[in-house]
Amino acid sequence: MRHTFVWLVFIVMLLAATVAQASIGSKSITVSVNGRPQHFGTPPIEVSGHVLVPLRGVFESLGAVVIWSEETGAVTVRSSQEVRLRLGSRDALVGDRAVKLEVAPRLYQGSVYVPLRFVSESLGASVAWSPTQRRIEIATKV
């Protein structure tokens, strides 16, 4: 009887830990720019440990101009620096310097998603990630 009780307690604890971990993993990622929360039509996603965001939302709030070519799948972000990306390619240009991305831009739920840290930092912003709160704070030099 005691043995059964111990196993029952163990199973309940294991189940509770699994449910808690699932709820942490499913919490959405929030993004703010200079302390202002950003809201997107589609939420940020995490791919291989990197956060990707809908192209226009963050970058227009950073004062950048975003140009998307559906024919070529090319993305150009212009601010103080020009950044060029292509869907599905880890190769990018920052100004005229070639850079290798850790994760390629992609289409997700009808929006172009780009690596947040790479593009933000390429435009001169700093990026801080809080994994426990799943929150990203982007700060620009004002």
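Scroll up to find the structure this text is about.
The following paragraphs examine the structure supplied in this document. Please read all numbers here as calculations on a predicted model, not as lab measurements.

Focus: the packing of aromatic side chains
For any pair of aromatic rings, geometry is given as the distance between the ring centres together with the angle between the planes.
Here comes step 1: Taken as a whole and judged by the stated rule, the model has one aromatic pair.
Here comes step 2: Between the aromatic rings of tyrosine 108 and tyrosine 113, the centroid separation amounts to 5.3 Å while the plane-to-plane angle is 90 degrees, which identifies the pairing as edge-to-face.
Here comes step 3: Tyrosine 108 sits in the partly exposed class, given a relative accessible area of 31%.

So, the sheet that holds strand S11 (residues 111-115)
Here comes step 1: The strand order S3-S4-S11-S10 describes an open sheet built from four strands, whose pairing is antiparallel. The sheet is open, and its two edges are formed by strand S3 (45-47) and strand S10 (106-108), each paired on a single side. Mean inter-strand twist for the sheet, computed between neighbouring axes without regard to direction, equals 40 degrees.
Here comes step 2: Two strands pair when backbone bridges link them, and strand S4 (residues 50-54) and S11 are joined in this way by three bridges, in the antiparallel orientation. In the sheet register, leucine 52 faces S11, and the bridge partner there is proline 115.

Digging into the environment of valine 94
Here comes step 1: Considering the arrangement of structural elements, one finds valine 94 in strand S8 (residues 91-94).
Here comes step 2: Taking C-alpha positions, valine 94 is 5.9 Å from glutamate 82, a pair spaced 12 residues apart along the chain.
Here comes step 3: Beyond its immediate chain neighbours, meaning those up to four positions away, valine 94 contacts Gln81, Glu82, Val99, Phe118 and Ser122.

So, the pairing of strand S12 (residues 126-130)
Here comes step 1: Sheet topology places S12 next to strand S13 (residues 135-139); five bridges connect them, and they run antiparallel. Across the sheet, residue alanine 128 finds its bridge partner in S13, namely glutamate 137.
Here comes step 2: In this antiparallel pair of consecutive strands, S12 and S13, the connection spans four residues, and arginine 134 shows a positive phi of 50 degrees.

With respect to the sheet that holds strand S5 (residues 65-69)
Here comes step 1: Within the open sheet, the five strands sit side by side as S5-S6-S7-S8-S9. Their pairing is antiparallel. Both edges of this open sheet fall to S5 and strand S9 (97-100), since each of them pairs with a single strand only. For this sheet, the mean angle separating the axes of adjacent strands, direction not counted, is 20 degrees.
Here comes step 2: The sheet contact formed by S8 and S9 spans four bridges and is antiparallel. Across the sheet, the residue bridging to leucine 93 is alanine 98, located in S9.

Brief notes about the layout of surface pockets
Unfilled space is identified by rolling a water-sized probe across the atoms.
Here comes step 1: Volume-wise, the largest pocket comes out at about 340 Å³.
Here comes step 2: Where the lining of the largest pocket is concerned, the elements lending two or more residues are S4, helix H3 (116-122) and S12.
Here comes step 3: The element best represented in the lining of the largest pocket is H3, accounting for five residues.
Here comes step 4: Here the residues of the lining of the largest pocket sort into nine nonpolar, three polar and five charged.

A closer look at the pattern of salt bridges
Here comes step 1: Inspection of every chain in the model, using the stated rule, returns six salt bridges.
Here comes step 2: Between arginine 134 and glutamate 46 there is a salt bridge, with its nearest N and O atoms 3.0 Å apart. On the criterion of sequence distance, the pair formed by arginine 134 in the loop between S12 and S13 and glutamate 46 in strand S3 is long-range, its members being 88 residues apart.
Here comes step 3: Take arginine 134: its relative accessible area is 13%, and that puts it in the buried class.
Here comes step 4: For glutamate 46, a relative accessible area of 39% puts it in the partly exposed group.

Rules of the game
Residues numbered from 1 in each chain as written. Predicted model: local features only at pLDDT ≥ 70, side-chain atom pairs only at ≥ 80, totals over all residues. Heavy atoms only, no water. Phe/Tyr/Trp six-rings, centres within 6.5 Å; stacked < 30°, edge-to-face > 60°. Buried < 20%, exposed > 50% of the residue type's maximum accessible area, 1.4 Å probe, protein only. Pairing = 2+ DSSP bridges. Helix = DSSP H or I, 4+ residues; strand = E, 2+ residues; numbered from the N terminus. Axes fitted to C-alpha atoms, helices over the stretch in contact; angles between N-to-C directions. Contact = heavy atoms within 4.5 Å. 1 Å grid on protein atoms, 1.4 Å probe; cavity = no way out; pocket = protein on both sides within 12 Å on 5 of 7 lines; lining within 4 Å. Points joined across faces, edges and corners; volume = space filled by probe spheres on them. Nonpolar A, V, L, I, M, F, W, Y, C, P; charged D, E, K, R; others polar. Salt bridge = Lys/Arg side-chain N within 4 Å of Asp/Glu carboxyl O.

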